[in-house]
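Commentary on secondary and tertiary structure
Listed here are the chains, written in short residue letters.
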Amino acid sequence: MGITSILNIAKNAMLAQQFAIQVASQNIANVNTKGYCRQAADLREGPLVPSEYGLVGTGVAVAGFTTYYDKFLETAIANRNTNLEQQNTEATYFSRVETVLNEDNSHLAARINDFFNSWHDLSADPSSYARRSSVAMKGENLARTINNLYNDLNAIQRELDSQVGSELAEINRLTSAIADLNKKIIALGSSSGGEEAAYISQRAQLVKELSGKINVNSFEDQFGGLTVMTGGSNLVEGTTSWKLDTIQDPDTGFRNVAWQDDSGNPIDITDSISGGKLKALVDMRDQYIGNGFVEDLNKLAETIITEVNSLHASGYNENGTTGFAFFREVTSDFARDMDLSQSIKDDVGNIAAADAPGESSGNDVALRIASLIDQSLMIGSQTTRLTTYVSTMMGKVGELARNAQELSEQQQSAMTIMEKQRESASGVSIDEEMSNLMKYQYAYQAAARLITVADEMFQDLLGVIK
Amino acid sequence: MRVTDSMKYDLFMLRFNSVKRSLDRVQEQIATQKKILKPSDDPVAFSTYVETSAESNLYTQFSRNAEKVRMFGNMYDTCFTTINDRLAVAKEITIAYASGTMDASLRENAVTQVKDIIEHLVTIGNTVMGDTYIFGGKSSNTPPFQLNDDYSVTFNGSTEVSEVFVDKNETEKLGMSGNDAFYSGSVNVFETLKGLLDTLENDDPSQVSQYTGAIGDAMTLISKNTAYNGNKVKQMEALVDDNKVRQLRLSKTVSETMDADLAQLSAEYNSLATVYQALIYSMIKIENLGILNYLQ
């Protein structure tokens, strides 16, 4: 044991404290980084060496660093994120559909009322040209209202469809990044002294992001590589990632999700997607809007067109001519194509109010059409009144939007609790890091002082020799 | 449990956004004076609001139709009163002629008067309201009565009358056909007057007695029509009043469903504003408690 060993101990101590300060700095720098796991320097007592008095210490050594990462919690968070993103997306789009259909914005029920009331007015004054013009105008207003609703819903559908494509590109980017990280982790192995933990935490963050987009299962292999699957299809295995692509649905023309097998053949996996933003986008596009509200609107338009035309065609216009359709005859996409017939557009005198040719001012047909507003009609598979059908539609969208909002809030609360648990274990506290900084700084200063002391001892010794 | 900076910030943002959302919502409710702003606020209530509004709209239409029937009724009333007055004059002429006190000059005068009466009644029969000949029945866009050269009158209108809905599943005739107004069974107002005219022109007092009774019958027919019409006007007035009551009830339902209680909302707004301020204040205070502030 000599003065040199004191210098060595001081030097090692300074390097160790410096390393610890570096780790604390890294934590402080990442205090706001999402998914970052705090680290702590592992300082160990230096090896003991024999002396004439027994084994003595050689100071401090850096054994590496610890990353505070809870694998199980991260997996649970990733799974929760699947539900959260699905509900958030549904809540967002239901809210938009609700805004479109809201009676205060769409005035659908009001337009239906106005249209049939105009027939009431015509029935009270069948020979009035002004009343006929009003019927045609209200009919056109109703058709435009339904057209606009269809177009607005269809625009949301197209936007959802476009989002499916964007999300798939994001999913491919994430799976590729996970495969890259797998490669680094596998290359480092388990003897990296904690270095691989940073990659693992980055990978966990990517898996969480991926889980928000599509339902995934993941498990680690013996080499530390993560296998990620959706349904039964591999997305990542070791250092390989599989791409998702779009294929056109032959019926709707919208994008379906395809998984490319090893030979690059696309396999439609749309129906096997059970969660995440992608599921919400596809469900909203096809189930809730396409087969839901657009279809409801189509049935409503079809019923109005069919019922009004059927009565109107049996009536006689001002000149005693019969057989005119009031609305344009359409066989599909009723809501999109609803419009007045050309004969009514050409001359409102073709509006048939009478049920006999000699009655120039007869109103029986007008009365029958007017009374449709208060009759139970077959709309789709329901027998109900037109305004009841519309109010049910409003109630339905309200219920779905409310439910989606509530589920989204529930998922958010659950996620907040889990994030809190994660933060508690892995998050950075500035107060804690500042305390550590002070602790290591004092230790560094003390070690530096040791060098001064050792130096003075050397000087004293050299002074004796001189 | 360790409390990190992110936990403090995330929790603050969560609560902050939640309070801000509630504040915005209350503010919008106050501005629109509605407690339900969109279907998802209360799907059942919103659905009821849409249906109740439609129902109210329908009753407004029924009232408008009933009002139209009433207006027509008033017009008929004026017509019937005039017809009755003119028939009374015809009856006086008949009585005067039957009494034998009418010389040639007076008879000539009476002929002119009866012609005037026929012309006047034809004019009344062709009364127009808006674009509608009110005695035309279902052919109301052409004059229903045609005065011929010999002062006989031809009815060209429809014997059927248009109806309008004045309530659910309840229709009311929109006026009266000239056929019902001037002809009934053996009573024919114009034929009676034409007969009287012919008798006066031919100076045949032996025939006049039958016209005294016939004009009486015609006046009875007009009186019946007046009474029928009066009853209908009253019915329509009652119906319009009933509909007003129904609409009030429906408006009340809509109001109870949709309208906001401003006092309650103001209290809620103040409470939320206090929470909002307290939240910001507490966050600033907590941030000041950091160890960094002691190191500076």
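For the structure itself, consult the block above.
Just so it is clear, the structure is predicted and the values come from calculations on it, not from any experiment.

All right, on to the sheet that holds strand 6 (residues 226-230) of chain A then. All names here are of chain A. On the basis of which strands lie adjacent, the open sheet formed by 4 strands has the order 5-6-7-8 and antiparallel pairing. Across the chains shown, the open sheet's two edge strands, defined by having one partner strand only, are strand 5 (217-220) and strand 8 (240-241). Both strand 7 (residues 233-237) and strand 8 contribute to a ladder of 2 bridges, which runs antiparallel. Within strand 8, the residue paired with E237 across the bridge is T240.

With that settled, consider the environment of T227(A). Residue and element names in this part refer to chain A. Assignment of secondary structure puts T227 in strand 6. Taking the C-alpha atoms as reference points, T227 and T240, separated by 13 residues in sequence, lie 9.4 Å from one another. With sequence-adjacent residues up to four places away left out, T227 is seen in contact with N217, S218, F219, N234, V236 and E237.

So, about the pairing of strand 9 (residues 244-248) of chain A. Residues and elements named next belong to chain A. Across 5 bridges, the pairing between strand 9 and strand 10 (residues 255-260) is antiparallel. In the strand pairing of strand 10, L244 is matched with W259. Adjacent in sequence and paired antiparallel, strand 9 and strand 10 are bridged by 6 residues, among which G253 carries a positive phi angle near 80°.

A few words on unusual backbone geometry. Across residues other than glycine, the phi torsion is negative in most instances, and most of the peptide bonds are trans. The backbone of D333(A) sits at a positive phi, close to 45°, despite the residue not being glycine. Backbone geometry at Q33(B) places phi at a positive 60°, although glycine is not the residue there. Counting through the fold element by element, Q33(B) comes out in the loop between helix 1 (5-32) and helix 2 (43-98). The exposure class of Q33(B) is partly exposed, given its relative accessible area of 45%.

This paragraph deals with the interface of chain A and chain B. Tallying the contact residues gives 58 residues for chain A and 49 residues for chain B. Taking both sides of the interface into account, the surface hidden between chain A and chain B amounts to around 4500 Å²; carbon and sulfur atoms contribute 50%. Ranking the residues of chain A by area buried against chain B places H120(A), A124(A) and S424(A) at the top, with a combined share of 11%. Taken together, the connections running from chain A to chain B amount to 9 salt bridges. Measuring nitrogen to oxygen at the nearest pair gives 3.8 Å for the salt bridge that ties K168(B) to D374(A). Scanning the region where chain A abuts chain B turns up 29 residue pairs in polar contact (both at pLDDT 80 or more). Secondary structure elements with two or more residues in the side of chain A that touches chain B: helix 3 (103-106), helix 4 (108-124), helix 10 (364-370), helix 11 (386-426) and helix 12 (430-465) of chain A. Ranked by residues supplied to the side of chain A that touches chain B, first place goes to helix 11 of chain A with 17 residues.

For the structure shown, the criterion picks out 22 aromatic pairs over all chains. Centroid distance F145(B) to F190(B): 5.3 Å. Interplanar angle 50°. Geometry classified as tilted. Here the residue F145(B) occupies a position in strand 3 (residues 145-147), and F190(B) occupies one in helix 5 (residues 189-202), the gap between them amounting to 45 residues. F190(B) carries the same exposure label as F145(B), and that label is buried. Members of the aromatic cluster, each reached through a chain of ring pairs, are F72(B), Y76(B), F80(B), F135(B), F145(B), F155(B), F182(B), Y183(B) and F190(B). Here the guanidinium or amino end of K396(A) rests over the ring plane of F293(A), the centre of that ring lying 5.2 Å away.

Each value, and the rule that gives it
- Residues numbered from 1 in each chain as written.
- Chains lettered and ligands numbered in written order.
- Predicted model: local features only at pLDDT ≥ 70, side-chain atom pairs only at ≥ 80, totals over all residues.
- Heavy atoms only, no water.
- Pairing = 2+ DSSP bridges.
- Helix = DSSP H or I, 4+ residues; strand = E, 2+ residues; numbered from the N terminus.
- Contact = heavy atoms within 4.5 Å.
- Buried < 20%, exposed > 50% of the residue type's maximum accessible area, 1.4 Å probe, protein only.
- Buried area = accessible area lost by both parts, 1.4 Å probe.
- Salt bridge = Lys/Arg side-chain N within 4 Å of Asp/Glu carboxyl O.
- Polar contact = N/O pair within 3.5 Å; in protein donor to acceptor, adjacent residues only side chain to side chain.
- Phe/Tyr/Trp six-rings, centres within 6.5 Å; stacked < 30°, edge-to-face > 60°.
- Lys NZ or Arg CZ within 6 Å of the ring centre and 35° of its normal.

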